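Notes for the structure review
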Amino acid sequence: MTDHSSDIDSVSGKSTTGHEWDGIKELNTPLPRWWVITFYLTIVWAIGYWIVYPAWPLISSNTTGVFGYSSRADVAVELANLEKIRGDKMVALGAASLVDIEKDPALLALARAKGKTVFGDNCAPCHGSGAAGAKGYPNLNDDDWLWGGTLDQIMQTIQFGARSGHAKTHEGQMLAFGKDGVLKGDEIVTVANYVRSLSGLSTRNGYDAAKGQKIFAENCAACHGDAGKGNLELGAPNLTDKIWLYGSDEASLIETISQGRAGVMPAWEGRLDPATIKAMAVYVHSLGGGK
Amino acid sequence: MNKAVNPNELKPADDGGPLYAARKKVYPQSVSGTFRRIKWSLMAVCLGVYYFLPFVRWNRGLGAPSQAVLIDLPNSRFYFFFIELWPQEVYYFTGLLIVAAVALFLMNSVGGRIWCGYLCPQTVWTDLFYAVERLVEGDRRERMKKDKSSDPLKLERISEIVLKHSIWILIAWWTGGAWVLYFSDAPTLVKELVTFQAPMIAYVWIGILTATTYLLAGFMREQVCTYMCPWPRIQAALTDEWALNVTYRYDRGEKRTSVKKAAELRALGQQVGDCVDCYQCVAVCPTGIDIRNGPQLECIQCGLCIDACDNVMAKIGRPKRLIGYDNDINIHRRQEGKAPIYRIVRARTVVYSAIIAAVGGIMIYTLATRSLLDVNVLHDRNPVAVKLSDGSIRNAYTVRLLNKSGYDRVIAIDADGPVNSTVHVVGVDSVTPDRPMIVIPRDSTSELRLLVTAPADNNPEKSIPVRFHVTDIGLGVVASATDNFVSP
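Residues numbered from 1 in each chain as written. Chains lettered and ligands numbered in written order. Predicted model: local features only at pLDDT ≥ 70, side-chain atom pairs only at ≥ 80, totals over all residues.

Within an unreviewed UniProt entry, the label attached to chain B reads Cytochrome c oxidase accessory protein CcoG, and the organism entered is Bradyrhizobium diversitatis.

As recorded in an unreviewed UniProt entry, chain A goes by Cbb3-type cytochrome c oxidase subunit and comes from Bradyrhizobium diversitatis. The UniProt entry for chain A carries this comment under Subunit (unreviewed entry): "Component of the cbb3-type cytochrome c oxidase at least composed of FixN, FixO, FixQ and FixP." Quoted verbatim from the Function (unreviewed entry) heading of the UniProt record, the comment on chain A is "C-type cytochrome. Part of the cbb3-type cytochrome c oxidase complex. FixP subunit is required for transferring electrons from donor cytochrome c via its heme groups to FixO subunit. From there, electrons are shuttled to the catalytic binuclear center of FixN subunit where oxygen reduction takes place. The complex also functions as a proton pump." (UniProt positions renumbered as here; feature names shortened; annotations may be inferred.)

**Describing the overall build of chain A**
When helices and strands are counted, chain A shows 11 helices and two strands. Reading chain A from its N terminus to its C terminus gives the helix and strand order β-β-α-α-α-α-α-α-α-α-α-α-α. Taking 19 Å as the expected radius of gyration for a compact globule of 291 residues, we find that chain A reaches 37 Å, considerably beyond that expectation. With the C-alpha coordinates aligned to their principal axes, the bounding extent of chain A is approximately 120 × 55 × 40 Å. Expressed as a percentage of its 291 residues, the buried residues of chain A come to 29%. For chain A, contacts bridging at least 24 residues in sequence account for 56% of all contacts bridging at least 6. (Helix = DSSP H or I, 4+ residues; strand = E, 2+ residues; numbered from the N terminus. Rg over C-alpha atoms; globule rule 2.2 N^0.38 Å. Buried ≥ 20, exposed ≤ 12 C-beta atoms within 10 Å, placed from the backbone. Contact = placed C-beta atoms within 7 Å.)

**Digging into the overall build of chain B**
Tallying secondary structure elements over chain B gives 15 helices and 14 strands in all. The C-alpha atoms of chain B give a radius of gyration of 33 Å, which is well past the 23 Å a tight globule of 488 residues would have. Dimensions of chain B along its principal axes, counting C-alpha atoms only, are 115 × 60 × 50 Å. With 488 residues in all, chain B has 25% of them scored as buried. Here the contacts in chain B between residues at least 6 apart in sequence split such that 69% fall between residues at least 24 apart.

**Some thoughts on helix α8 (residues 209-219) of chain A**
Residue and element names in this part refer to chain A. Buried residues of α8: Gly212, Ile215 and Phe216, and no others. Along α8, the residues classed as buried sweep out an arc of 100 degrees about the axis, all on the same side. Opposite the packed face of α8, turned more than 90 degrees from it, sit the exposed residues Ala210 and Ala217. Its buried side turned inward, α8 meets α7 (185-198) and α9 (221-224). (Arc of directions from axis to C-beta.)

**Describing the interface of chain B and chain A**
Residue-level contacts link 23 residues of chain B with 25 residues of chain A. Among the elements of the structure, β7 (386-387), β8 (393-403) and β12 (444-454) of chain B are those that each provide at least two residues to the side of chain B that touches chain A. The dominant element in the side of chain B that touches chain A, judged by the number of residues it contributes, is β12(B), at four residues. Of the residues belonging to the side of chain B that touches chain A, the class tally is 11 nonpolar, five polar and seven charged. (Nonpolar A, V, L, I, M, F, W, Y, C, P; charged D, E, K, R; others polar.)

**Examining the UniProt feature "transmembrane region" (unreviewed entry) in chain B**
Following the UniProt record, the feature "transmembrane region" (unreviewed entry) maps to residues 40-58, 90-107, 167-184, 196-217 and 350-368 of chain B here. With 68% helix and 0% strand, residues 40-58 of chain B has its two end C-alpha atoms placed 29 Å apart.

**Describing unusual backbone geometry**
Outside of glycine, negative phi angles account for most residues, and trans bonds account for most peptide bonds. All names here are of chain B. The residue after glutamate 254, namely lysine 255, is reached through a cis peptide bond having omega 5 degrees. Structurally, lysine 255 is set in the loop between β4 (245-248) and α11 (259-267). Within the chain, asparagine 420 stands out as a residue other than glycine whose phi angle is a positive 60 degrees. By secondary structure assignment, the location of asparagine 420 is in the loop between β9 (409-416) and β10 (422-425). You can call asparagine 420 exposed: it has 12 C-beta atoms within 10 Å.

**Some remarks on the UniProt feature "domain: Cytochrome c" (unreviewed entry) in chain A**
All names here are of chain A. UniProt's feature table lists "domain: Cytochrome c" (unreviewed entry) at residues 110-199 and 207-288, given in the numbering used throughout. Its end C-alpha atoms 39 Å apart, residues 110-199 is made of 46% helix and 0% strand. Secondary structure over residues 207-288 splits into 46% helix and 0% strand, and the C-alpha atoms at its two ends are 38 Å apart.

**Focus on the UniProt feature "transmembrane region" (unreviewed entry) in chain A**
Within the UniProt annotation, "transmembrane region" (unreviewed entry) is assigned to residues 34-52 of chain A. Here residues 34-52 of chain A runs as 100% helix and 0% strand, with 26 Å between its end C-alpha atoms.

**What to know about the pairing of β9(B)**
All names here are of chain B. With burial as the criterion, only one face of β9 is covered, namely that bearing Arg409, Ile411, Ile413 and Ala415; the residues Val410, Ala412, Asp414 and Asp416 on the opposite face remain uncovered. Relative to strand β11 (residues 437-440), β9 runs antiparallel, the two sharing four bridges. Each residue of the ladder has a partner; that of arginine 409, found in β11, is isoleucine 440. As defined by bridge partners, β9 adjoins strand β13 (residues 464-472) across six bridges and the pair is classed as antiparallel. The residue bridging aspartate 416 from the neighbouring strand is arginine 467, located in β13. (Pairing = 2+ DSSP bridges.)

**A few points about the sheet that holds β9(B)**
All names here are of chain B. Within the open sheet, the four strands sit side by side as β11-β9-β13-β14. Their pairing is antiparallel. Two strands close off the open sheet at either side, each with one partner strand: β11 and β14 (478-485). In this sheet, neighbouring strand axes are inclined to one another by 30 degrees on average, regardless of whether the strands run parallel or antiparallel. Both β13 and β14 contribute to a ladder of eight bridges, which runs antiparallel. Across the sheet, residue threonine 471 finds its bridge partner in β14, namely valine 478. (Axes fitted to C-alpha atoms, helices over the stretch in contact; angles between N-to-C directions.)

**Structural notes on the nonpolar core**
All names here are of chain B. Among the nonpolar cores identified, the biggest contains 35 residues, and Cys281, Val284, Leu304, Cys305, Ala308 and Ile323 are the most heavily contacted of them. If you list the elements that add at least two residues to this core, you get α3 (114-119), α4 (121-137), α6 (155-181), α8 (200-220), β4, α12 (280-284) and α13 (304-316). Among the elements that line this core, the one with the most residues is α13, at five residues. Viewed by domain, this core spans two of them, domain 1 (34-237) and domain 2 (246-330), each represented by three or more residues. (Core = buried A, V, L, I, M, F, W, Y, C linked by C-beta atoms within 7 Å. Domains from an automatic or database assignment.)

**Structural notes on the packing of α7(A) against α8(A)**
Residues and elements named next belong to chain A. Interaxial distance between α7 and α8 falls to 8 Å at its minimum, and their mutual angle equals 95 degrees. When the axes of α7 and α8 are compared, the pair comes out roughly perpendicular. Facing Glu187, Thr190, Val191, Asn193, Tyr194 and Ser197 of α7, the residues of α8 in contact are Ala209, Lys211, Gly212, Gln213, Ile215 and Phe216. In terms of residue class, the contact of α7 with α8 is built from five nonpolar, five polar and two charged. (Parallel < 35°, antiparallel > 145°, perpendicular 65-115°, else oblique.)

**Quick notes on the domain arrangement of chain A**
All names here are of chain A. The domain boundaries assigned to chain A delineate domain 1 (73-169 + 265-286) and domain 2 (185-259). Using C-alpha coordinates to define each centre, domain 1 is positioned 33 Å away from domain 2. Contacts between the two partners involve nine residues from domain 1 and, on the opposite side, nine residues from domain 2. Of the residues assigned to the side of domain 1 that touches domain 2, the class counts are four nonpolar, two polar and three charged.

**Let's talk about the sheet that holds strand β3 (residues 83-85) of chain B**
All names here are of chain B. Here we have three strands laid out as an open sheet, ordered β1-β2-β3, and antiparallel in their pairing. The open sheet has two edge strands, β1 (69-72) and β3, and neither has a second partner. Across the sheet, the axes of successive neighbouring strands diverge by a mean angle of 10 degrees, strand direction being ignored. Here three bridges tie strand β2 (residues 77-80) to β3, and the two strands are oriented antiparallel to one another. Each bridged residue has a counterpart across the sheet, and for phenylalanine 80 the counterpart in β3 is isoleucine 83.

**A closer look at the environment of Leu450(B)**
Residue and element names in this part refer to chain B. Along the chain, leucine 450 turns up in strand β12. Note on leucine 450: 22 C-beta atoms within 10 Å, which makes it buried. Sequence spacing of leucine 450 and aspartate 326 is 124 residues, and the spatial spacing of their C-alpha atoms is 67 Å. What leucine 450 contacts, discounting residues up to four positions off in sequence, is Tyr397, Val399, Ile413, Val423 and Val425.

In structure tokens form, the structure reads like this:
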């Protein structure tokens, strides 16, 4: 710094900075020393920071700093720690039987927490975040199950899926009776009304119940059963209850019978580890509809 | 206003000068007397409580912490002797803060800045650090002389400085050390600290508080009160003409002159004040002000100038309390020859006391009657209701049971919902039909998934309230919560 002590302002008796504009000089009123020292310290600190931490962008990367710090490595360590903390519990979850998991409050809480997260990541796109389903995607909260609602059956469906292409997948589908020319238009309308009558829904005026029963027995009973109670082995839904995956109105039923239905549930084995699939099965079962 | 000024007539003092005023170091002189004794005792009590409270034990039974005052962050519990608070009871702290704030207002309207002068940690630790400084370097004059001396440092002076700072750092370190003891079992943590086994965070906090104590009490001192603390500004808005403040009683006359001259003038029948201009009040002041200039922002009202003045008044045979707790009203009354009046009971002190009593009363009442068994219910939002294959409707709830007592509880859950509805808890086999029983371990919470199902012929048309009752099977204590049952 320059010494301005020689240039004294005659009015105030103070030194000036020596800068002059139209005869007006600026008084030398320095910043407080502690402020200036702090300012220089931050500069020193910043230089240290450049050296120690990643700072400078290069063409395709950046300087790594002498500590080799990276926030990605931090995350990796955190995740590894998390796995370590969870390790024992997830091992216990993998070892316990599904029934025992539901009986043990700690394991149940873990399975439900894990299951909920994994469900949100993997299942929610089709089944909805609360597993309430949508048209064509079953509601997993209710007690109506295409492939069975016990813990083991739920787990099997999650593992191998339905019509998923996996060797052990659930097979069986609703045939397209109209499109394939098996049933004619009026027959489809008749059997649709018959199916509605099975669960006590209203039928169209002039509908022939006897004819409907005959068509049903010849075409549908093989999978859905004589009484329309369905068949878990084939994923054939119970037609006598109040729950309809594709809708219960006549138009929806006619569409189902003419076009067929074959929704796909992917197989999760191999994509999720066994303990996680177990947690999922327990979570879905605990939603309330489990048998 | 804009009067023409001849620049040549301006004096340096007319120029506002720099906005930054360099600190003038204060060298308070030692003093003895009533207020000094009060300050010593309060310091002993405050520091005693702060430093030793973590070591006080309190038996809460096996498995529970045995520390009387403990902030258990990992387990989210606060222990204060027989009280154990959970995070959701943080409103007790709100109540405590309201009481503390209003108590501060009350103190202020009764006796001015009692908090600042006697109880504030900044005052207490600064006072302690001054005591150390005085012990090592000597009293006011000696310290001033040593600081001013331009002689090269001799070994004696260096060792004095080193000793002073060592003691300061030791006190500061102990201050930081005591702080962390409130967050963990004190004896265990002390052992760990000594053997360097304590968690890093403990050392970090000790370091931070050592640094702040050392800086605030050793160096910044009265600047904290004058520049950093908002309370001097706030209290100025809270005070009134009846509040007692440390006041120079100017009704005791002017002019201020020496003892000898005053006696001469008195003999001549002239008006002379009791003040002999000895500057003792200024010498002992920890903020370096002159109380005779009237109430000032910097004055923390520690009362030490009262002691200093009393000592002088006693020596020269004039009445004591030329400086004392007083207000302008009384000064004017005495000037008019009337007797002073002190009005402690006035609207604002009554209102403040009433607020303290009301908030304190509510806190004590809620604390005494709070339930140690509690239940919170959260209705499933997605889906809100599920239709089952037989047409019945089911609603699912997340139920959180809180057992705040020191023993395990066996509880049963009932739901007063739709007619003929059934209750099921996932993972629990009902012992009696529709009455699931659950064990909640002591001092913990359990989260359950509870399903209420209304039969098909009894589907409520719209939302109806459901009341959940949680009953302690052994003790019969009941907690309840209300939610709704809805149809799709």
